[in-house]
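Residues per chain, in single letters:
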Amino acid sequence: MLFHTSQLDELINLARANSLHYLLFGLACCGIELMQTGGPRADLDRFGAVPRASPRQADFMIVAGTLTYKMAERCKLLYDQMAEPKYVISMGSCANCGGLFQPGYSVCKGVDKMIPVDVYVPGCPPRPEALTEGLLKLQDLVMRERWSTKRRPA
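Residues numbered from 1 in each chain as written. Predicted model: local features only at pLDDT ≥ 70, side-chain atom pairs only at ≥ 80, totals over all residues. Heavy atoms only, no water.

Engineer: How should I be thinking about the overall build of the chain in this particular structure?
Structural biologist: Across its full length, the chain holds 5 helices and 5 strands. Sequence-ordered secondary structure for the chain, helices as α and strands as β, is α-β-α-β-β-α-β-α-β-α. The buried share among the 154 residues of the chain stands at 43%. Nonlocal contacts in the chain, meaning residues at least 24 apart in sequence, comprise 80% of its contacts between residues at least 6 apart. Only carbon and sulfur atoms are counted for the fraction: they give 60% of the accessible area of the chain, which is about 8,600 Å². Here the chain carries 18 positive and 15 negative side-chain charges, and the mean point of each set is 5 Å from the other. (Helix = DSSP H or I, 4+ residues; strand = E, 2+ residues; numbered from the N terminus. Buried < 20%, exposed > 50% of the residue type's maximum accessible area, 1.4 Å probe, protein only. Contact = heavy atoms within 4.5 Å. Areas by Shrake-Rupley, 256 points an atom, 1.4 Å probe, with all protein chains shown as cover. Lys, Arg positive; Asp, Glu negative; His and termini not counted. Charge placed at Lys NZ, Arg CZ, Asp CG, Glu CD.)

In structure tokens form, the structure reads like this:
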């Protein structure tokens, strides 16, 4: 029986990993690189990643840029509106740890202080190739999930 469920896991995860819809959350200069990654040169569509404007239709969120405490509330709200399973990519040093704006009183010292982050993409701003690699890491994470042994919430 384990053999059949493992094949079913692989089939489900293959479909999920190659049809990820991402919620755009570009906050600063990293948002420009995020737009460039979705453009024709880097083309995230070839990996099955399509942008969505609604959090209810998105599988993962890309937080790109400086996250202030004022925007962190909205980021948490959008994350809570996303359906399970949901993932987060933190893009750029400002989103990862506050970057060069870290001493500022209004800057959140990383997205992971507000929501759980699955993949970190370093750089200031990171190149489209780095974000593409972050997407591939997220696809690997989705492919490793086990559906047959996953506990369902009560």
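Still to come is the rest of the account.
Engineer: Quick question: what am I supposed to make of the packing of aromatic side chains here?
Structural biologist: Two descriptors summarise a pair of aromatic rings, namely the distance from one centre to the other and the angle between the planes of the rings. Under the definition given, this model contains 1 aromatic pair. Geometrically, the ring pair formed by Tyr22 and Phe60 is tilted, given 5.8 Å between the ring centres and 40° between the ring planes. Note that Tyr22 is positioned in strand E1 (residues 21-26) and Phe60 in strand E3 (residues 60-64), a separation of 38 residues in sequence. As far as the burial class goes, Tyr22 and Phe60 line up, both buried. Taking NZ or CZ as reference, Lys86 lies 4.3 Å from the ring centre of Tyr79, over its face. (Phe/Tyr/Trp six-rings, centres within 6.5 Å; stacked < 30°, edge-to-face > 60°. Lys NZ or Arg CZ within 6 Å of the ring centre and 35° of its normal.)

Engineer: Is there a simple way to think about unusual backbone geometry in this case?
Structural biologist: Peptide bonds are, in most cases, trans, and in most cases residues other than glycine have a negative phi. Of note, the bond from Glu84 into Pro85 is cis; its omega dihedral lies within 30 degrees of zero at -10°. Secondary-structure assignment places Pro85 in the loop between helix H3 (69-81) and strand E4 (87-91). The omega torsion of the bond from Cys124 to Pro125 falls at -20°, within 30 degrees of zero and hence cis. With respect to the helices and strands, Pro125 occurs in the loop between strand E5 (119-121) and helix H5 (128-143). The phi dihedral of Asp43 falls on the positive side, at around 55°, and the residue is not glycine.

Engineer: Would you mind showing me how to read the sheet that holds E3 here?
Structural biologist: Paired through backbone hydrogen bonds, the strands of a sheet run either parallel or antiparallel to each other. Ordered in space as E2-E1-E3-E4-E5, the 5 strands form an open sheet in which the pairing is parallel. At either margin of the open sheet sits one strand with a lone partner, and together these are strand E2 (50-52) and E5. Looking at each pair of strands side by side, their axes are set apart by 30° on average, direction ignored. Bridge analysis of E1 against E3 gives 5 bridges, and the strand direction is parallel. Following the sheet pairing, Tyr22 is matched in E3 by Phe60. Contacting E3, E4 and E5, H5 crosses the sheet at an angle of about 160° to E4. (Pairing = 2+ DSSP bridges. Axes fitted to C-alpha atoms, helices over the stretch in contact; angles between N-to-C directions.)

Engineer: For this particular structure, what's the right way to read the pairing of E3?
Structural biologist: Each regular strand shows side chains that alternate between the opposite faces of the sheet. For E3, the buried fraction is high: 5 of the 5 residues fall into the buried class. Burial of E3 is two-sided: the residues Phe60, Ile62 and Ala64 facing one way and the residues Met61 and Val63 facing the other way are all buried. In the sheet, E3 pairs with E4 via 5 bridges, with the strands oriented parallel. Each residue of the ladder has a partner; that of Met61, found in E4, is Val88. The β-α-β motif built from E3, the intervening H3 and the parallel element E4 has right-handed crossover chirality. (Right-handed = clockwise from strand over helix to strand, strands pointing away.)

Engineer: I'm lost on the packing of helix H2 (residues 29-38) against H5 in this one. Help?
Structural biologist: Helices that pack against each other are described as a pair by the angle of their axes relative to one another and the distance between those axes. Contact geometry of H2 with H5 gives a least axis separation of 9 Å together with a crossing angle of 70°. Between H2 and H5, the angle falls in the class roughly perpendicular. On H5, the residues that touch Glu33, Leu34, Gln36 and Thr37 of H2 are Pro128, Leu131 and Thr132. Residue composition of the contact of H2 with H5, by class: 3 nonpolar, 3 polar and 1 charged. (Parallel < 35°, antiparallel > 145°, perpendicular 65-115°, else oblique. Nonpolar A, V, L, I, M, F, W, Y, C, P; charged D, E, K, R; others polar.)

Honestly, that's just the spatial picture; any functional story needs more than this.
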